[in-house]
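These are the residues of each chain, in order.
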Amino acid sequence: MISNIDTYSHVRGESIYLDDIPLQVGTLFAKVFDSTVAHAHIKHLDISKAKNYPGVRAVIIHSDITGENQIGGIIPDEPLLAENMVDFIGMPIAIVVAENEHIAKKALKLIEIEYEPLPIIVDPREAHRQGKYLSTPRHFNLGDTEIAWSNCAHIFEGKAESGGQEHLYIETQGAYAVPGENGFIKVYSSTQGPTAVQKTVSRVLGKPMHQVEVDTTRLGGGFGGKEDQASTWGAMCAVAAHITKSPVKYSLDRMEDMRMTGKRHPYSSDYKIGLDKDLNIIAYEAQYYQNGGAAADLSPAILERTLFHATNTYNIPNVKTSAYPCKTNLPPNTAFRGFGGPQGMFVIETAIVQAAEALGIEPHVIQHKNLLKTGDEFPYGQKVVSEAIECWTEAETQFNFQEKIKSIEAFNNKNQLIKKGYAIMPICFGISFTKTMLNQARSLVHVYTDGSVLITTGAVEMGQGVNTKMVQVAAKTLGIDESFVKINSTNTFRIANTSPTAASATADLNGKAVEIACNKIKERLLISAAEDLGVSESDIAFVKNEIYINGEKSKLSWKDLIFSTYAKRVSLSEHAHYTPPDIHFDTNTEKGHPFAYHVFGTSIFEITLDCIRGRYTVDSAQVIHDAGQTMNEKIDLGQCEGALVQGMGWMTMEELIYDKEGRLRSNALSTYKVPDIYSVPKDLDIRFLKTEKTNLAILQSKAVGEPPLMYGIGAYFAIRNAIKAFNPKALVPFDAPATHEKILLALYGKYGEI
Ligand code: MTE
Ligand code: LUZ
Ligand code: MOS
């Protein structure tokens, strides 16, 4: 197993991000003039003073756009620049292009605007009451809940709220557009979706896609925030470069980024859960009100994934769920690690906890009883290949769960003002883009005459280690050392029509494409080696840069073979395409087989709550995670740790606050708290499930990017458990995040109904 190939340049500060690209002479800098009101007609806009300010080269408004003023990916409902309306605070209205950022900032202040205010909606339930949706609501059904209710021994109903989440990638959004000859433009973009940027630039400039090259070396984090929202800044720079005929760069400052870009969707949900006398969940209904913001962006797809994950890892025979994509006057919310799945899973966990509390039993009894088994059916029709019980059982035994409960009880009996709480959080996450079309990828592999190998894929490196995995796949397939393989930047001229690096599926899709290309080259090399060595192909193996005959090292090395094959005028390059088999989904019936496979896992959280101050420490998070047969333990462990803590942040401390005017109050790191090193569980013990089951993942190494985020939901319920240990009668609404303030109010029964 190799270390992340970026380690060396990262620690030396030598890795190249957007801001490290040397600028061409004559580069100009863009800044956006954005709306200060959440919903209004623009009565009057005057850019003349800004335009005449010394050092300003252009002030661009919607009418200057040569192509289409449209950036909506799924639904064309989002202008790049506002026309006569603004729909959220932070909506771009004009682009100032100047010789430096300082001048651009000064010029922004000279733009004059008058608004005629319109009613503002920030609450998704209010949008729902008014029938304001971004796309059509969706409904998933299994069995018949109406009949099932009458067979239930226990029925509970309630409401759950989960907040938004700021991506807070360390590298903010940005792009650098450089015009070339004959209308060609090259855009360096901090994007998860180079093709999305290419398409958007082509659309707003009115140029064919072959005139637009997008190049991405790596991102300082994306977390979904750059799946499609990077296109905005790429398009702005491209428009500005086109108009000024100069290279244009825009790299957002932190407050611009927080104000103008979308986040994880806040959800407000209703649920109803029914159990039989043996605690089998036999019916579940839920309605999800998704706070989508002012334009559709990826909301319809995110909404769908909420429904896919509505029952998390439980087998429920009767399910009726409805999801509403509510249109509000907030920045369009977007992809964020988990993509609506976490929001759905929080609601079913809430329902189970409410049922358990009402019945006076521990939630884990209900959770355990209802875990998915292989052969069960998801509400969307796919049959389960489950590791749910395996992960749970391993977690229980390896982390001495029963003893832990006893020692927590003993602790709580001894202590009045300090209480411990615990929760167990099993997860199940489907791997594949739910839009079947996006499940495809391509690779380009060149072997040079010195035996070194260069690969390019559609995958974007954003810290998740996908480039390292691609190098591993190529090296393993070709039987050479990883040091022989280099991976190139992601570039739309080398690899066309890429799906975004998203859905945790990047390594699978692109890795399989690399494997196919390498195997095709290897087939030709085998023929060549058999000729050179005078043996049959089936006797030959490529091992550690050498060619072996029946297990014996031959006189031929990898390098010799490459040159000899080149000399025979045989191609040493390959371009390959991969798409996973047998996936499909019918949105008319809402049934199908959308996922290549599922990832499972179980986390156990223990926390200690200071019941005077409402402060807590997370003592431990112990996890059994189903990584299949991991190809890189260090990288996968890093993904699990990062995702778990990011999930905890969403559930416990990151409080995104928009006021009634639609203004983001938590608009800087002084008012928006993200987890730091002290928030990390003191004992963070993540172990991989040992499994022999086969799957469709690359080299059997299951996708790991998003699933572990949902472990963080366990932290929320562990805190609740401790609150209840202190004050069993406390009415604690299910209203995440569980901030210290809310915890303190809850401890003393002051945190009423939501
Ligand atoms: N890890 C790091 N360090 N930085 C990131 O931005 N994004 C996450 C996850 N892990 C992210 C990350 C998200 S949202 C996804 S979908 C996956 O990585 C995407 O990469 P993969 O498909 O290669 O797992
Ligand atoms: N993006 C997307 C995603 O376009 N489709 C998905 O299914 C998805 N899932 C997770 C994260 N991003
Ligand atoms: Mo991840 S939310 O699929 O970028």
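Here the residue index of a chain counts from 1 through its sequence in written order. Just so you know, chain letters begin at A and ligand numbers begin at 1, following the order they were written in. pLDDT decides what is reported in this predicted model: residues at 70 or higher carry local features, side-chain atom pairs at 80 or more are listed and counted, and totals for whole chains, interfaces and linings draw on all residues regardless. Values shown for side chains rest on all heavy atoms present in the structure; no hydrogens or waters enter the calculation.

Enquirer: Explain the sheet that holds strand 15 (residues 319–327) to me, please; I cannot follow it from the model alone.
Expert: Paired through their backbone hydrogen bonds, the strands of a sheet run either parallel or antiparallel. Reading across from one edge, 7-15-14-13-8-30 is the order of the six strands in this open sheet, with mixed pairing throughout. Two strands lie at the open edges of the sheet, namely strand 7 (138–142) and strand 30 (734–735), each paired on one side alone. Looking at chain direction, strand 8 (residues 154–162) and strand 30 are connected through two bridges and run parallel. Counterpart to Glu 161 in the pairing with strand 30 is Asp 735. Pairing between strands is defined by DSSP: at least two bridges between them are needed. Helix and strand assignments follow DSSP, with helices taken as H or I runs no shorter than four residues and strands as E runs no shorter than two, numbered in order from the N terminus.

Enquirer: I'm lost on the pairing of strand 14 (residues 281–293) in this one. Help?
Expert: Each regular strand shows side chains that alternate between the opposite faces of the sheet. Exposure is judged per residue with a 1.4 Å probe applied to protein chains only, and the accessible area is read against the type maximum: over 50% gives exposed, under 20% gives buried, and values in between give partly exposed. Counted residue by residue, strand 14 has 12 buried out of 13 residues, so it is predominantly covered. Bridge count between strand 13 (residues 267–275) and strand 14: nine bridges; the pairing is antiparallel. Counted as the bridge partner of Ser 268 is Tyr 289 from strand 14. As paired strands, strand 14 and strand 15 are joined by nine bridges and run parallel to one another. Paired with Gln 287 across the two strands is Ser 322, which belongs to strand 15. A right-handed crossover is one whose linking path, passing over the helix from the first strand to the second, runs clockwise when the strands point away from the viewer. In this fold, the crossover linking strand 14 to strand 15 by way of helix 9 (residues 299–308) has right-handed handedness.

Enquirer: I tried to follow the site of ligand 2 on my own but got confused; where do I start?
Expert: Near ligand 2 you find Glu 227, Arg 305, Phe 339, Ser 432, Phe 433, Thr 434, Leu 438, Ala 502, Ala 503 and Glu 706, and these make up its full shell. A 3.5 Å cut-off defines polar contacts: any pair of N or O atoms within that distance qualifies, except that in protein one atom must be a possible hydrogen donor and the other a possible acceptor, and neighbouring residues in sequence count only when both atoms are side-chain atoms. Between ligand 2 and the protein, one listed contact pairs an oxygen atom with a backbone N or O atom of Thr 434 at 2.9 Å. Ala 503 places a main-chain nitrogen or oxygen 3.4 Å from a nitrogen atom of ligand 2. Looking at the shell around ligand 2, its residues break down into five nonpolar, two polar and three charged. The cutoff for a nearby residue is simple: one of its non-hydrogen atoms must lie within 4 Å of the molecule or strand. Throughout, the ten residues Ala, Val, Leu, Ile, Met, Phe, Trp, Tyr, Cys and Pro are labelled nonpolar, Asp, Glu, Lys and Arg are labelled charged, and all others, Gly among them, are labelled polar.

Enquirer: Would you take a moment to explain the pairing of strand 10 (residues 185–189) for this structure?
Expert: Residues of strand 10 alternate between two faces, with Ile 185, Val 187 and Ser 189 buried on one and Lys 186 and Tyr 188 left unburied on the opposite face. Once strand 9 (residues 174–179) ends, the chain turns through five residues before running back antiparallel as strand 10, passing Asn 182 with a positive phi of about 50°. Across four bridges, strand 10 lies against strand 11 (residues 212–216) in parallel orientation. Bridge assignment links Lys 186 to a residue of strand 11, and that residue is Glu 213. Regarding the hand of the β-α-β motif, the stretch spanning strand 10, helix 6 (residues 194–205) and strand 11 is right-handed.

Enquirer: Can you walk me through the side chain of Arg 305 in this structure?
Expert: With respect to the element layout, Arg 305 can be found in helix 9. Here Arg 305 occupies a buried position and makes no salt bridge, while the nearest side chain of opposite charge, Glu 706, is found at 5.5 Å. The contacts of Arg 305, once residues within four sequence positions are left out, are Gly 338, Phe 339, Gly 340, Gly 341, Phe 429, Gly 430, Ser 432, Thr 434, Ala 503 and Phe 595. Here Asp and Glu are counted as negative and Lys and Arg as positive; His is not counted, and neither are the chain ends. By salt bridge we mean one thing: a side-chain nitrogen of Lys or Arg within 4 Å of a carboxyl oxygen of Asp or Glu. Every residue pair with non-hydrogen atoms within 4.5 Å of one another is taken to be in contact.

Enquirer: How do you make sense of the domain arrangement of the chain when you look at a structure like this?
Expert: Buried accessible area, meaning the area lost when the parts come together, often serves as the stated size of an interface. One can read the domain layout of the chain as domain 1 (7–118 + 167–260), domain 2 (267–434 + 588–749) and domain 3 (440–578). In this complex, domain 1 contributes 22 residues to the contact, which on the side of domain 2 involves 28 residues. Note: buried area is the sum, over both parts, of the accessible area (probe 1.4 Å) each one loses when the two are combined. Overall, the association of domain 1 and domain 2 removes approximately 2,200 Å² of surface from exposure, summing both partners, and the carbon and sulfur fraction of that is 61%. Contact with domain 2 buries area across many residues of domain 1, yet Ile 74, Phe 223 and Met 258 alone supply 23% of it, more than any other trio. Where a domain begins and ends is set by an automatic assignment or by a domain database.

Enquirer: Sorry if this is basic, but what is going on with the packing of helix 15 (residues 506–533) against helix 16 (residues 558–567) here?
Expert: In a packed pair of helices, the relevant descriptors are the angle between the two axes and the axis-to-axis distance. Between helix 15 and helix 16, the least distance of the axes is 10 Å, while the angle of their chain directions is 100°. Compared by their axis directions, helix 15 and helix 16 come out roughly perpendicular. Each of Leu 525, Ser 528, Ala 529 and Asp 532 in helix 15 lies in contact with helix 16, whose residues at this interface are Trp 558, Leu 561, Ile 562, Ser 564 and Thr 565. Here the residues of the contact of helix 15 with helix 16 sort into five nonpolar, three polar and one charged. Where helices are involved, their axes are fitted lines through C-alpha atoms of the stretch in contact, as for all axes, and angles between N-to-C directions lie from 0 to 180°. These descriptions rest on fixed angle ranges, namely under 35 degrees for roughly parallel, over 145 for roughly antiparallel, 65 to 115 for roughly perpendicular, and the rest for oblique.

Enquirer: Explain the environment of Phe 429 here, please?
Expert: Within the secondary structure layout, Phe 429 lies in strand 16 (residues 418–431). By relative accessible area, which is 0% here, Phe 429 ends up buried. In this view, Phe 429 contacts Arg 305, His 309, Gly 338, Tyr 597, His 598, Val 599, Glu 706, Pro 707 and Met 710; residues no more than four positions away in its chain are not counted.

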